[in-house]
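Residue strings, one per chain:
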Amino acid sequence: MAAHDKAESGAGKVPELAWLRRLVTALALVMMLGIAVVAATLWLRLSPSLPELPAAITLPQGETAAAVTFARDWTVVVTGKGTILLFDRGGKLRQAVAPDS
């Protein structure tokens, strides 16, 4: 064996290198844990929560729904004629607003 081979084999036993190897491994684990936490947080925050829908909504005679949206306590239906219908959580018609012509 050459003299430089013995020097290289002793380099693996330097305590600072062992500490550096453990530090890099720990930092990699912490980084992976952080990525998992960020991904879980985004998944929980961005997952759609469905609104509480009434069992049935009955539109007035001759009306068809053109758009439906959900507020905190209301279900709002815009009809084909432009009338805005407000239904409560139970599906009962509370108010009808006619458009200004």
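Asker: Any chance you could explain a nonpolar patch on the surface here in plain terms?
Answerer: Side chains of Val 14, Leu 17, Trp 19, Leu 20, Leu 23, Val 24 and Leu 27 sit close together on the surface and give an oily, nonpolar patch of about 630 Å² of accessible area. Note that Leu 20 resides in helix α2 (residues 15–46).

Asker: Looking at this structure, how should I read the pairing of strand β2 (residues 75–79)?
Answerer: For β2, a buried count of 4 out of 5 residues is recorded, marking the element as mostly surrounded by other parts of the structure. The pairing of strand β1 (residues 65–70) with β2 spans 5 bridges and is classified as antiparallel. Bridge pairing in β2 places Val 68 opposite Val 77. Connecting β1 to the antiparallel partner β2 that follows it, the hairpin turn spans 4 residues. From the end of β2 to the start of strand β3 (residues 84–87), which pair antiparallel, there are 4 residues, and Gly 82 there has a positive phi angle of about 95°.

Asker: How do you make sense of the pairing of β3 when you look at a structure like this?
Answerer: Each regular strand shows side chains that alternate between the opposite faces of the sheet. As paired elements, β2 and β3 share 4 bridges and run antiparallel to each other. Residue pairing for β3: Val 78 is matched across the bridge by Ile 84. Direction of pairing for β3 relative to strand β4 (residues 93–97): antiparallel, over a ladder of 4 bridges. Bridge pairing links Leu 85 to Ala 96 in β4.

What counts and how
Residues numbered from 1 in each chain as written. Predicted model: local features only at pLDDT ≥ 70, side-chain atom pairs only at ≥ 80, totals over all residues. Heavy atoms only, no water. Patch = residues over 30% accessible without salt bridge, like charges linked within 9 Å, V, L, I, M, F, W, Y side chains within 5 Å. Areas by Shrake-Rupley, 256 points an atom, 1.4 Å probe, with all protein chains shown as cover. Salt bridge = Lys/Arg side-chain N within 4 Å of Asp/Glu carboxyl O. Helix = DSSP H or I, 4+ residues; strand = E, 2+ residues; numbered from the N terminus. Buried < 20%, exposed > 50% of the residue type's maximum accessible area, 1.4 Å probe, protein only. Pairing = 2+ DSSP bridges.

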